[in-house]
Amino acid sequence: RERPKCNHISRFEIPGLDDYRVMPIGGTLHDFASLYKYPESAGRIKIDTQIDNVDLQHEIISRGQIIPGNRTEFVLAQFGLEVVEGQDICTVWIAEYNSKPLKDFKEVRCPVLRGPTTTPGTVSMRAGTGFNIDSIFSELSRNQDIIVEDHTGIDKNTRLALEIPNFKTEKGAELAEKWYSEHFGITFRKEQRRMPVWIIRKAQ
């Protein structure tokens, strides 16, 4: 059901109704759909160009837990959409590391210090405990709608960055290549491959 934008719900259980939960659904429809089967689906979600990228201000009320994939399918169905499997050309960035000494992760910040959160290069995520290679590649993958293959050999227990930038848009892709190279000695080779994908389309 739809809810007013001013209504903020922070609790996930409904008082007095055992095992019922409220799950707020926000953001845009395209961003929400991109999380279907994530992280397996990173770079492999194809959304029909005719589907409007509407803002979501909704809640799901359920009894018990819902499998994330089922939740996505349920929300998409409310907009007359479905998920089907297929084949398509995907963009793959192959990450390679030149053995450059890694910095103290607390020194690794975003390339753009101030501006609206949608500005490429500003902070997308920040954690005092730092982020590893999987985390920084995961955000890049989502931002650029690509598959990132990690050929760096960097230990996944190594903390690399205090912040992860927003690398959306073509400008974000340029900033990403510079940021990874300068801070970590990581460069990318790019390929196009035909791969299994999940297609979001109008229900047929």
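Refer to the structure printed above.
What comes next concerns the included structure. Everything numeric here is computed off the predicted structure, so don't read it as measured data.

Moving on to the overall build of the protein. Looking only at helices and strands, one finds four helices and eight strands in the protein. Reading the secondary structure of the protein in the N-to-C direction produces β-α-β-β-α-β-β-α-β-β-α-β. If you line up the protein on its principal axes, its C-alpha atoms span 55 × 40 × 30 Å. Sorting the 204 residues of the protein into buried and exposed places 38% on the buried side. Of the contacts made within the protein by residues no fewer than 6 positions apart, 79% connect residues no fewer than 24 positions apart. Averaging the coordinates of the 28 positive side-chain charges in the protein and doing the same for the 29 negative ones gives two points 3 Å apart.

What follows is about the packing of aromatic side chains. On inspection of all chains with the given rule, the structure shows nine aromatic pairs. Each ring, one from Trp179 and one from Tyr180, has its centre 5.2 Å from the other, and the planes form 90 degrees; the classification is edge-to-face. The ring of Tyr38 carries Arg142 above its face, with NZ or CZ at 5.9 Å from the centroid. Just above the ring of Trp93 sits the side chain of Lys190; from NZ or CZ to the centre is 4.4 Å.

Another point: helix α3 (residues 133-144). In this model α3 runs 17 Å from its N-terminal to its C-terminal C-alpha over 12 residues, within 8% of the 16 Å that 1.5 Å per residue would give. Listed as buried for α3 are Ile133, Ile136, Phe137, Glu139, Leu140, Ser141, Asn143 and Gln144. Buried residues along α3 sit in contact with β4 (81-97), β5 (123-131), β6 (147-150), β7 (161-165), α4 (169-184) and β8 (186-202).

Turning our attention to the sheet that holds β8. Each strand in a sheet pairs with another by means of backbone hydrogen bonds, the pair being arranged parallel or else antiparallel. Pairing within the open sheet is mixed, and its four strands lie in the order β2-β8-β4-β6. In this open sheet, the two strands that pair with only one neighbour each are β2 (45-47) and β6. Within the sheet, the average angular offset between the axes of one strand and its neighbour, ignoring direction, is 35 degrees. Sheet topology places β4 next to β8; 17 bridges connect them, and they run antiparallel.

Let us now look at the pattern of salt bridges. Evaluation of the coordinates by the stated rule reveals 10 salt bridges. Close ionic contact of Arg189 with Glu96 constitutes a salt bridge, the shortest N to O distance being 2.8 Å. With Arg189 in strand β8 and Glu96 in strand β4, the pair connects residues that are 93 residues apart, well separated along the chain. Of the charged contacts in the structure, one is a salt bridge between Asp150 and Lys156, with a shortest N-O distance of 3.7 Å. Residue Asp150 is classed as partly exposed on the basis of its relative accessible area, which comes to 28%. Given a relative accessible area of 43%, Lys156 falls into the partly exposed group. Connected through shared salt-bridge partners, Glu96, Glu149, Arg189, Glu191 and Arg193 make up one network.

Conventions we followed
- Residues numbered from 1 in each chain as written.
- Predicted model: local features only at pLDDT ≥ 70, side-chain atom pairs only at ≥ 80, totals over all residues.
- Heavy atoms only, no water.
- Helix = DSSP H or I, 4+ residues; strand = E, 2+ residues; numbered from the N terminus.
- Buried < 20%, exposed > 50% of the residue type's maximum accessible area, 1.4 Å probe, protein only.
- Contact = heavy atoms within 4.5 Å.
- Lys, Arg positive; Asp, Glu negative; His and termini not counted.
- Charge placed at Lys NZ, Arg CZ, Asp CG, Glu CD.
- Phe/Tyr/Trp six-rings, centres within 6.5 Å; stacked < 30°, edge-to-face > 60°.
- Lys NZ or Arg CZ within 6 Å of the ring centre and 35° of its normal.
- Expected span 1.5 Å × (residues − 1).
- Pairing = 2+ DSSP bridges.
- Axes fitted to C-alpha atoms, helices over the stretch in contact; angles between N-to-C directions.
- Salt bridge = Lys/Arg side-chain N within 4 Å of Asp/Glu carboxyl O.

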